[in-house]
Each structure stands twice: as C-alpha cells, then as structure tokens.
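# Architecture and fold: a report
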Amino acid sequence: MVERLTARALNRATLQRQLLTTRTRLSPLAVIEHLAGLQAQDPDPPYIGLWSRIDGFRIEDLTTLLEQRAVVRATLFRGTQHLVTADDYLWVRPLLQPMLDRWRKGGFGRQTAGVDLGELAEAARGALTGGRTLNRPELGRLLAERWPGCDPVALARSVQGLLPVVHPPPDGTWGRRGATPFALAEEWLGRALTAGTSMERLVLRYLAAFGPATVKDVQAWSGTTRLRAVVEELRPRLEVFAGENGEELFDLPDAPLPGPDTEVPVRFLAALDNVVLAHADRSRFMSDDRRPYVIVEPAVLVDGVVRALWGIERQKGTAVLTVKCFSPLGAREKEEVTGEGARLLRFAAGDAERHEIRFAPVDSD
C-alpha cells in the first residue's frame with residue numbers, strides 16, 4: 001500500500017529540507033550547495049534567502065564567496081539568474097544546454113532571425129577571451145557591429161544561452177545595481193566544464209532539496225522536459241508516495257519526513273525564493289490565487305504557508321517594513337511576524353536611524 005501524503009505533510013518535509021524550520025549552522029557555501037542554488041534575478045534576494053536559513057549569517061559571508069569565485073551568478077534553471085557553487089556550475093551548465101537553447105529561441109529567436117548562432121557564439125567568445133569582461137550593453141554594441149540589423153540587447157542576451165558565461169562581482173553583491181558584466185566561465189573559474197553528467201544527478205539533487213515531488217515538479221524547477229524516463233530509471237532507488245489527488249510523489253530513501261504538526265516559525269522569504277517556485281503544484285505552500293503575487297513581491301510564511309507579502313522602503317532616516325496580509329493575522333501570529341520583521345530590518349537596513357513595521361491588507365493603496 002502506497003503511503004498518502006497530505007499537502008501539510010509535504011509542506012513540512014520541504015520546509016525542513018529548505019532549512020526553514022530551524023536556522024542552520026552550516027556554512028553559506030554548504031547551504032547553497034544543499035539548495036542546488038539560489039534564485040538571483042536581483043543582487044539582494046540571495047542574501048535574504050541565506051539570512052532566513054543560516055544562524056548568524058552576515059552580508060560579507062556571501063560577498064566573500066563571490067569574490068573568491070567559490071560561488072558564481074549565471075543563467076541556469078528556467079533560463080533565470082541563479083547563484084550556484086562553482087563546483088556545481090561546472091556540471092550543471094552543460095546539462096542545461098538543451099533547455100537554454102529553447103529559452104534563447106523563445107526569448108530572442110525572432111530578433112536574431114538570420115544570424116548564424118555558431119558565428120554569434122564565436123564572436124562573443126572572441127570578445128571575452130583573455131580574461132576580458134564586458135557588460136551587457138558593451139557586448140551588445142560590439143556584436144551589433146557585426147550584425148547591424150539586429151537588436152543589440154537580443155544579441156547580448158542570446159549569448160547567455162549560447163555560451164557558458166558568468167556575471168562576476170561586484171555584480172550580484174549586496175546593494176549593487178548596474179549593467180551586468182559577462183566573463184567566460186572557464187576563464188573566470190580556471191577550470192573546464194564537465195560534460196556528460198547524467199540528468200539523474202540533477203533529479204536526485206532536486207529531491208534532496210525540494211522533495212517529495214512529482215516529475216512535473218522537477219521539470220518546473222529546472223525548466224527541462226521529458227524527465228519521466230529519467231525518473232523511471234531511478235524508480236528502484238526511490239521511495240514512492242501518493243499525493244492527496246493520487247499523484248505519484250518521488251523521494252530519496254530515508255529522507256526526513258517530519259510530522260504535519262511540526263511547528264514552523266515565521267519566515268520572511270527572499271524575492272522569487274525557489275521554495276515557492278520550485279513545484280508545478282504549489283498547493284503545499286499557497287492557494288492558486290496567491291501564486292501571481294509571489295512572482296512580484298517576496299512572501300511571508302506563517303505556519304509554513306504564504307500569508308503575506310513584504311517590502312522595505314527608506315523614508316528619510318527611517319526604514320519601513322510593510323507587511324501586506326492576505327487575511328488578518330491572529331494576535332500571536334502578528335507578534336511573531338513583528339519579531340521576525342524586526343530582525344529582518346536589523347539585517348537588511350541596519351544603517352537606518354529608525355525602524356518601523358506597518359501592516360496592511362494586500363492590494364491596499
């Protein structure tokens with residue numbers, strides 16, 4: 001008889017593996033590896049993501065890893081920016097190439113129609129060879145000299161799918177904004193990429209961080225397709241459960257499955273935190289009507305589910321944390337959100353003269 005797991009049981013299992021039930025003493029590098037990367041569309045969210053998971057995390061802890069080239073920022077899963085360990089980048093990037101080819105074609109194929117992609121890749125490689133770093137506008141203008149009829153932005157962005165490139169610091173560090181720099185990954189890291197890694201390795205890493213999960217969940221996180229055959233090959237090595245609707249859920253043997261009554265503290269998630277993006281079925285964390293909101297604003301977990309959104313604004317010398325609730329919080333819940341919010345302000349806005357926390361309903365003016 002296959003054991004059936006409720007959405008709440010899945011919620012607790014994933015939160016524990018995401019290090020969101022108790023802050024860990026693991027190093028930031030170990031956490032990034034365990035999580036199979038952090039979403040990094042903007043510079044600050046990875047820092048928030050690590051702060052919410054690591055006891056005593058400091059901003060300089062991640063910045064140092066980027067400067068030491070132990071962690072890199074690059075276009076990876078789903079064609080979006082991620083921070084991953086350098087060791088993981090070397091095998092993950094080649095594995096994702098077919099997905100990145102589709103991503104490039106879907107995003108920029110029309111603007112680059114008629115361009116020989118091999119020539120485009122070689123032109124970009126030549127521009128960056130020798131340790132040279134160019135930002136996206138610079139690279140786009142250079143490539144547009146060779147293809148004057150094409151959009152420079154589309155040419156430069158296409159390179160992110162065609163070539164293994166990384167975006168070196170100070171790009172991606174706390175509070176930094178500006179044009180994204182490009183560097184050849186193998187030159188930046190001083191190591192060759194590893195070709196030929198089995199997709200099974202990626203599936204197992206996903207389950208360790210996000211399981212139990214369906215095949216569609218793995219595909220939603222990675223952006224890859226046709227993983228059913230890969231999971232079937234792994235089936236003898238996996239545990240199989242059933243979800244509330246009878247769907248097959250796969251997991252690693254002996255992976256932790258905390259009870260559904262496990263207490264979970266309030267957590268302020270990073271913008272686009274993978275914990276709320278990494279499943280096709282996100283009902284373990286939120287109802288469908290809340291899904292569009294977490295794409296735009298970072299979420300607050302209360303009792304493990306999305307109950308609010310948050311944002312910090314500077315008003316003269318005051319850093320104001322606004323918590324926008326989907327439904328009213330109870331007195332104890334509000335107290336816990338306020339306490340964790342105060343800790344967030346000390347981390348993210350420690351230089352402000354004053355801190356203030358406000359509560360409002362979602363969609364209020």
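Reading the values: the criteria
Residues numbered from 1 in each chain as written. Predicted model: local features only at pLDDT ≥ 70, side-chain atom pairs only at ≥ 80, totals over all residues. Heavy atoms only, no water. Helix = DSSP H or I, 4+ residues; strand = E, 2+ residues; numbered from the N terminus. Rg over C-alpha atoms; globule rule 2.2 N^0.38 Å. Buried < 20%, exposed > 50% of the residue type's maximum accessible area, 1.4 Å probe, protein only. Polar contact = N/O pair within 3.5 Å; in protein donor to acceptor, adjacent residues only side chain to side chain. Contact = heavy atoms within 4.5 Å. Phe/Tyr/Trp six-rings, centres within 6.5 Å; stacked < 30°, edge-to-face > 60°. Salt bridge = Lys/Arg side-chain N within 4 Å of Asp/Glu carboxyl O. Pairing = 2+ DSSP bridges. Arc of directions from axis to C-beta.

## Topic: the overall build of the protein
- If you tally the helices and strands in the protein, you get 15 helices and 13 strands.
- Computed over C-alpha atoms, the radius of gyration of the protein comes to 21 Å, within 12% of the 21 Å expected from 2.2 N^0.38 for 365 residues, which places it in the range of a compact globule.
- Its C-alpha atoms put the protein at 65 × 60 × 35 Å along the principal axes.
- Relative to its full complement of 365 residues, the protein shows a buried share of 53%.

## Looking at the side chain of Arg 307
- Relative to the helices and strands, Arg 307 is located in strand S11 (residues 305-315).
- Of the residues examined, Arg 307 reaches a relative accessible area of 13% and is grouped as buried.
- Looking at Arg 307, its side chain comes within polar contact range of the main-chain oxygen of Pro 328, at 3.0 Å.
- Contacts of Arg 307, omitting those with residues within four sequence positions, involve Arg 290, Val 300, Val 302, Lys 324, Cys 325, Phe 326, Ser 327, Pro 328, Leu 329 and Glu 333.

## Quick look at the packing of aromatic side chains
- Counting across every chain of the model gives 11 aromatic pairs.
- Plain terms: the ring middles of Trp 174 and Phe 347 are 5.8 Å apart, the flat faces sit at 70° to each other, and that makes the pair edge-to-face. Placement of the pair is Trp 174 in the loop between strand S5 (165-166) and strand S6 (181-184) and Phe 347 in helix H15 (residues 331-348), with a sequence separation of 173 residues.
- Take Trp 174: its relative accessible area is 24%, and that puts it in the partly exposed class.

## Focus: the pattern of salt bridges
- Summed over all chains, the structure comprises 27 salt bridges.
- As a salt-bridge pair, Asp 55 and Arg 25 come within 3.0 Å of each other at their nearest N and O atoms. Here Arg 25 lies in the loop between helix H1 (7-17) and helix H2 (28-34) and Asp 55 lies in the loop between helix H3 (45-51) and helix H4 (59-67), a separation of 30 residues in the sequence.
- Linking Arg 237 and Glu 200 is a salt bridge whose minimum nitrogen-to-oxygen distance equals 3.6 Å. Taken together, the residues span a long stretch of sequence, with Arg 237 in the loop between helix H13 (228-234) and strand S7 (239-242) and Glu 200 in helix H11 (residues 199-210) at a distance of 37 residues.
- Overall, Glu 200 belongs to the partly exposed group, its relative accessible area being 23%.

## Side note on the pairing of S11
- The pairing of strand S10 (residues 299-302) with S11 spans four bridges and is classified as antiparallel. Looking at the pairing, Ala 299 lines up with Leu 309 of S11.
- Where S10 folds back onto S11 in an antiparallel hairpin, the turn is made up of two residues, including Asp 303, whose phi is positive at roughly 55°.
- Note that S11 and strand S12 (residues 318-325) share eight bridges and pair antiparallel. Across the sheet, the residue bridging to Trp 310 is Val 323, located in S12.
- The hairpin turn running from S11 into S12, its antiparallel successor, is two residues long, and Lys 316 in that turn takes a positive phi close to 55°.

## As for helix H8 (residues 136-146)
- Within H8, burial applies to Arg 136, Leu 139, Gly 140, Leu 143 and Ala 144. For H8, the angular spread of buried residues about the axis comes to 135°, placing them on one side. Away from its buried face, by an angle of more than 90 degrees, H8 presents the exposed residues Arg 141 and Glu 145.
- Structurally, the start of H8 carries an N-cap: the backbone nitrogen of Glu 138 is 2.8 Å from a side-chain oxygen of Asn 135.

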